[in-house]
Amino acid sequence: MKKRIGQDALRAIPLGGHGEIGKTCWLFEYKDEIIIVNFGMMLSPQDLTGVDLILPCPSYLIENQHKIKALIITSAPDDLAGGVSYLLGKVKIPKIYGSKLAIECIKRTMPEGVEFPEYEEIEARKEFKIGNEFEIKPIQNTSVLPDTYGIYIRTS
């Protein structure tokens, strides 16, 4: 008998970047809310002729965009944030949280006609709440770029 996941279960869904370098994207879904963490891109391998870049598949997000509360960007490199301008053309994101560097980099890649949503810069250890279900605490870490974070996610 197949066990059904209850609505009170926290679901962590990798859309990309799990076991690979690039196109990093995770969804966290709890009750009727979704937060997206990163939406990166990956350059195609040399043997994949005609393909310039690879992005996470946004179909689950398109089908469930009424549940999306926010997008969190943890760093500015393309493997973590390079697909955000594409995503914003497909899905309505109410708010973006990210470092100042990440937000500025994304703004510069926005195509004409795609509106950049409300945003808020995150700071290390400054907790904030998304929707009714998610409490977020940014944790500063060391990377090749400054202004990079891990995040601690808490739900009830």
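The paragraphs below set out a description of the structure included in this document. (Residues numbered from 1 in each chain as written. Predicted model: local features only at pLDDT ≥ 70, side-chain atom pairs only at ≥ 80, totals over all residues. Heavy atoms only, no water.)

1. Some words on the pattern of salt bridges
Move 1: Going through the model one piece at a time under the given rule, you end up with eight salt bridges.
Move 2: Ionic pairing is found between Lys95 and Glu118, a salt bridge with its closest N-O pair at 3.4 Å. Taken together, the residues span a long stretch of sequence, with Lys95 in strand S7 (residues 95-98) and Glu118 in strand S8 (residues 118-121) at a distance of 23 residues.
Move 3: The partner of Glu120 in a salt bridge is Lys95, and the shortest N-O contact between them spans 2.9 Å. (Salt bridge = Lys/Arg side-chain N within 4 Å of Asp/Glu carboxyl O. Helix = DSSP H or I, 4+ residues; strand = E, 2+ residues; numbered from the N terminus.)

2. Things to note about the sheet that holds strand S11 (residues 149-154)
Move 1: Strand order in the open sheet made by the three strands is S9-S10-S11, with antiparallel pairing throughout. Of all the strands in the sheet, the pair left with one neighbour each is strand S9 (128-130) and S11. Here the average twist between neighbouring strands, direction ignored, is 35°.
Move 2: Where S9 and strand S10 (residues 134-140) come together, three bridges link them in antiparallel fashion. The residue bridging Ile130 from the neighbouring strand is Phe134, located in S10. (Pairing = 2+ DSSP bridges. Axes fitted to C-alpha atoms, helices over the stretch in contact; angles between N-to-C directions.)

The values reported here are purely geometric and, on their own, carry no functional implication.
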